[in-house]
Amino acid sequence: MRHPILMLSLAAILAAGCNRDPAPATETAQPAAPATAAAPAAAAITDEFSYAQPDKVRIADLALDLALDFAAKQLSGTATYTLEWKDQSATELVLDARALTIDKVEAEGAGGAWAPLQFALAPEDKTLGSKLTIQAPQRPAKVRVTYKTSPEASGLQWLEASMTAGKQHPFMFSQSQQIHARSWVPLQDTPQVRFTYTAHVTAPAEAMVLMSADNDPKAVRDGDYSFKMPQKIPSYLLAIAAGDLVFEPISQRAGVWAEPGMASRAAEEFSDTEKMIQTAEKLYGPYRWDRYDILVLPPSFPYGGMENPRLTFATPTVVTGDKSLVSLVAHELAHSWSGNLVTFATPNDAWLNEGFTSYVENRLIEALYGQERAAQETVIGRNELKAEYKTIDPKLQVLSLKPGAVADPDEASSSTVYTKGAWLLQFLEQRFGRADFDAFLRGYFDHYAFQSIPTTEFLKYAKANLLDKHPGKLTMQELEQWVYEPGIPPGAPQVQSRGFSVVDAARVAWLGSAQLPAPAVTSAWSTQEWVHFIESMPETLTPEQLKQLDDAYKLTGTPNGEIAQRWYPLTVRSGYAEARPAIAEFLQRIGRRKLIMPTYEALVKTDDGLAFAKDVFAKARPGYHPITTASVEATIAQAKPAAASATPTSDAAAAEDKPTADDAEKNATHTDGTSGTAEPAETN
Ligand code: BES
Ligand code: ZN
């Protein structure tokens, strides 16, 4: 269940050449490093998704002064940068921008007076946005840009009051990762540049404004808010939200912000957060970000969660009442070490953030909820990886992507990044033993704290502090195979879930005899067990079979998004038309990409389904976030329906690469995501 970002089957072009040995990007002097680790150099590596030139100049601090206007769906004001010029012959400051109106650019002179600078905004590239080139031959220490956002800013969503839970007040929020910060602040939008920031934001008095900064749980709503983020963060962690938000504490340093109707339910759901923080601290050192709050957003939030520092953004779809989906909090909290503290240098090294985080997430789940729950989540993730490896380009099965591998970094994330990444760390843990591996990882987070590094830097650190320190346990070739080769290397550790064996047996028995498992069995099933039950079904069932499941378990109309994500595509592939009204409702109520895209993807495979998808999308679209809209539009545009009716032909069924009944049986004993491109992994 940790495969959040959709892997659209895009034409992935692999650039020639190999990016194995760039220098790390870092701008701060580091505390004394272990003698075995090489000190990072200050050179920048190329980030193909940014126009910025961090080797020439870097933003060290950002000061925002913005007015937030719900009616105009606009942020407007100034961004003032404190600059560190790295190249004394540089004459330009190049920033990333997207759909911004730039009114003026100024530099601060010696006496504190601001003088205009010339600038040029290049035509917009669809993926990267616009290059904003500012002439700054004097290399001023401060530059100020006066600008406005577009109502269509890709990194913001503006919701009418009617689209919120309370229906009284409008709402807005940002989603900057991967490269959308540039649509609401002109900046060097590459994770290689880290900066501190302050912000002054004015808004209607009834709106509470929050940022990825020092939010005050006791803040009064007065329409005038000030923020400070004293720790250096990369641009993708810049975040803002505004609306009818109230605070509910979880512990001294943790709490929930949400619309009034959601706040106490969410605080209850996430009541284990403080325990999670303490568990992570025991493993990886102190939580360095002061408060840890969770902002529960409206259901249009396009992701499950976003690790904005001090203020995780979360989908309301994980508030299920049974804490079954709180691994989302474990995940976003884990990013406080893997990602926010030690950051990937470019989105092509995404696994350094997401793979490490998925590993830590699973450790937290194991510590809080036990090995069985952790195993179930691992098996679900690895089964998704296994499914992905049947279709995905081998060039995208490597952990360190080569430049050019993906056209749009929003599509760069996949099960490979999350699950293969975590699997590598699980493999290392097994090889070196938990105690030594934990010590290593803690040392890694400390050593590279507040820096952005490429995969090569991790390899260098691992060689010095793991391989060489514990000789004879792992060769560099083995490690490099995981990082640079497609598939899962042989010898990858396997995980078994006892609970899933019961689920598998129940499914196999039902497929053979139409005899449903005893209610005493299914009534105790967790979300994960239901997910596994549905996900391991054959490609299609008969409408009668689906009806039998529905009568017994009310799966159509389920309030659980993780179950809906798997159930509705199965109903679509199977031509089970009774689910259509509930599907329409689901696709209009939820905007979280991972949950709804599988259903759209199943629908567009038939003419009839495509027409239905278009119809539902037309209604849902005003409530969708720009990121979700883009994904649905792409899926509809690329649709090549293979059949004229909702009943799938054998071709349509064959085109899908879902587990079959045979696979399902295998899953009972062999639950790995081993790729066909490598030798089968051993079982343990
Ligand atoms: N940082 C990601 C979200 C993200 C990744 C946004 C890439 C844009 C580009 C976040 O930490 C994440 O992984 N969210 C998952 C949560 C899940 C793994 C528990 C999601 O949104 O599904
Ligand atoms: Zn993540």
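I will try to describe carefully the structure that is included in this document. (Residues numbered from 1 in each chain as written. Chains lettered and ligands numbered in written order. Predicted model: local features only at pLDDT ≥ 70, side-chain atom pairs only at ≥ 80, totals over all residues. Heavy atoms only, no water.)

## What about the overall build of the chain?
Basically, it comes down to this: For the purposes of this entry, the term helix denotes a DSSP run of H or I that reaches at least four residues, the term strand denotes a run of E that reaches at least two, and both are numbered from the N terminus. When accessible area is computed with a 1.4 Å probe and restricted to protein chains, residues below 20% of their type maximum are described as buried, those above 50% as exposed, and intermediate ones as partly exposed. Residues count as neighbours in contact if any of their non-hydrogen atoms are within 4.5 Å of one another. Residue-level accessible areas treat just the shown protein chains as cover; the underlying method is Shrake-Rupley with a 1.4 Å probe.
When helices and strands are tallied, the chain shows 20 helices and 21 strands. When the 684 residues of the chain are sorted by exposure, 61% land in the buried category. Contacts spanning at least 24 positions in sequence make up 75% of the contacts within the chain whose residues lie at least 6 apart. If you sum the accessible surface of the chain, you get close to 24300 Å²; carbon and sulfur atoms cover 53% of it.

## Description of the coordination of the zinc ion (ligand 2)
Quick reminder of the rule: Think of the donor list as every N, O and S atom within 2.8 Å of the metal, or within 3.2 Å for Na, K and Ca; water never makes the list, so a site can look incomplete.
The zinc ion (ligand 2) binds to the protein through H331 (NE2), H335 (NE2) and E354 (OE), with metal-donor distances spanning 1.9 to 2.1 Å. Along the chain, the residues donating to the zinc ion (ligand 2) fall in the pattern H-x3-H-x18-E. Note that H335 is positioned in the loop between α3 (327–334) and β20 (342–344) and E354 in helix α4 (residues 350–369), a separation of 19 residues in sequence. Residue classification places E354 among the buried positions, given a relative accessible area of 5%.

## Re the sheet that holds strand β7 (residues 130–135)
Let me state the cut-off plainly: Paired strands are those between which DSSP finds at least two bridges. Here the axes come from fitting lines to C-alpha atoms, over the contacting stretch only for helices, and the angles between their N-to-C directions go from 0 to 180 degrees.
The strand order across the open sheet built from three strands is β3-β7-β6, with neighbouring strands paired in antiparallel fashion. What marks the edges here is a single partner per strand, and that holds for β3 (92–97) and β6 (119–121). Looking at each pair of strands side by side, their axes are set apart by 15° on average, direction ignored. As defined by bridge partners, β6 adjoins β7 across three bridges and the pair is classed as antiparallel. What sits directly across from A120, in β7, is T133.

## Considerations on the packing of α3 against α4
Applied cut-off: Should an angle fall under 35 degrees it is taken as roughly parallel, and over 145 as roughly antiparallel, whereas 65 to 115 is taken as roughly perpendicular and any remaining angle as oblique. Note on convention: near helix rotated counterclockwise from far helix by under a right angle means a left-handed crossing. Clockwise means right-handed.
Interhelical geometry of α3 versus α4 gives an angle of 130° and a closest axis separation of 8 Å. When the axes of α3 and α4 are compared, the pair comes out oblique. Here the hand of the crossing between α3 and α4 comes out right-handed. Where α3 abuts α4, its residues S327, A330, H331, L333 and A334 lie against E354, T357, S358, V360, E361, L364 and I365.

## Section: the pattern of salt bridges
For clarity, the cut-off: The salt bridge criterion pairs a side-chain nitrogen of Lys or Arg with a carboxyl oxygen of Asp or Glu, the two atoms within 4 Å.
Using the criterion set out here, one finds 34 salt bridges in the structure. Residues R373 and E377 are paired through a salt bridge, measuring 3.3 Å at the closest nitrogen-oxygen approach. One end of the pair is R373 and the other is E377, both in helix α5 (residues 371–389) and four residues apart, which spans about a single turn. Both residues of the pair, R373 and E377, belong to the buried class. It is possible to trace a salt-bridge network through shared partners that takes in E384, E535, E562, R566, R592 and K594.

## Let's talk about the nonpolar core
Selection criterion: Throughout this description, the term nonpolar core refers to a set of buried Ala, Val, Leu, Ile, Met, Phe, Trp, Tyr and Cys residues connected via side-chain atoms within 4.5 Å. What fixes the domain bounds is an automatic or database domain assignment.
Counting 157 residues, the largest nonpolar core has L68, L428 and Y444 as its most contacted members. By residue number, the principal contributor to this core is helix α6 (residues 415–432), which donates nine residues. For this core, the two domains that each supply at least three residues are domain 1 (40–267) and domain 2 (337–484). When near neighbours in sequence (up to four residues on either side) are disregarded, L428 contacts G433, F437, F458, L466, L474 and L479. By size, the runner-up hydrophobic cluster in this structure holds 44 residues, among which are L546, Y568, A584 and I596.

## A word on the pairing of strand β11 (residues 194–202)
In this structure, strand β1 (residues 57–69) lies alongside β11, joined through seven bridges in parallel fashion. Across the sheet, A67 pairs through a bridge with T202, a residue of β11. Both β11 and strand β13 (residues 224–234) contribute to a ladder of eight bridges, which runs antiparallel. Considered in β13, the bridge of T202 is made with D224.

## As for the packing of helix α8 (residues 455–467) against helix α9 (residues 476–484)
The geometry of a pair of packed helices is captured by two quantities: the angle between their axes and the separation between those axes. Between α8 and α9, the shortest axis-to-axis distance is 11 Å and the interhelical angle comes to 155°. Taken together, the axis directions place α8 and α9 in an arrangement best described as roughly antiparallel. Judged by the twist between their axes, the crossing of α8 over α9 is right-handed. Residue-level contacts link T455, T456, L459, A462, K463 and L467 of α8 to M476, L479, E480, V483 and Y484 of α9.

## What to know about the packing of aromatic side chains
Keep this limit in mind: The criterion for an aromatic pair is that two Phe, Tyr or Trp rings (for Trp, the six-membered ring) have centres within 6.5 Å, with stacked assigned to planes under 30 degrees apart, edge-to-face to planes over 60 apart and tilted to the rest. Distance and angle both matter: a charge sits over a ring if NZ of Lys or CZ of Arg is within 6 Å of the ring centre and within 35 degrees of the ring normal.
Within the structure shown, the criterion is met by 33 aromatic pairs. Taking the centre distance of 6.4 Å and the plane angle of 65° together, the rings of F301 and F313 count as edge-to-face. Here F301, found in the loop between β17 (292–296) and β18 (305–306), pairs with F313, found in strand β19 (residues 311–314); they are 12 residues apart in sequence, far enough to count as distant. Classification of F301 by relative accessible area gives buried; the value is 0%. Taking the relative accessible area as the measure of exposure, F313 reaches 0% and is therefore buried. Over the aromatic face of Y369 sits the side chain of R373, whose NZ or CZ is 4.6 Å from the ring centroid. Across from the ring centre of F612, 4.5 Å away, lies the NZ or CZ of R580, which sits over that ring.

## Quick notes on the environment of S176
Counted only if it meets this: In protein, a polar contact means a hydrogen-donor-capable atom and an acceptor-capable atom, both N or O and within 3.5 Å, with residues adjacent in sequence counting only if both atoms are side-chain atoms; elsewhere, any N or O pair within 3.5 Å suffices.
Mapping S176 onto the fold places it in the loop between β10 (171–174) and β11. Residues S176 and S235, spaced 59 residues apart in sequence, show a C-alpha to C-alpha distance of 7.6 Å. In this structure S176 touches A181, W184, S235, Y236 and L238, once residues within four positions along its chain are discounted. A distance of 2.7 Å separates a polar atom in the side chain of S176 from the backbone oxygen of L238.

## What about the pairing of β19?
The side-chain alternation of β19 yields two buried faces, one formed by L311 and F313 and the other by T312 and A314. Strand direction decides the pairing type here: β17 and β19, joined by four bridges, are parallel. Paired with D293 across the bridge in β19 is L311. Once β18 ends, the chain turns through four residues before running back antiparallel as β19, passing R310 with a positive phi of about 70°.

## Structural notes on α4
Note the threshold: Multiply 1.5 Å by the residue count of a helix minus one, and that product is the helix's expected span.
Helix length check: α4, at 20 residues, gives a terminal C-alpha distance of 28 Å against a target of 28 Å (1.5 Å per residue), a fit within 8%. With 16 of 20 residues buried, α4 is to be regarded as a mostly interior element. Phi for G370, located one or two positions after α4, is positive at around 100°.

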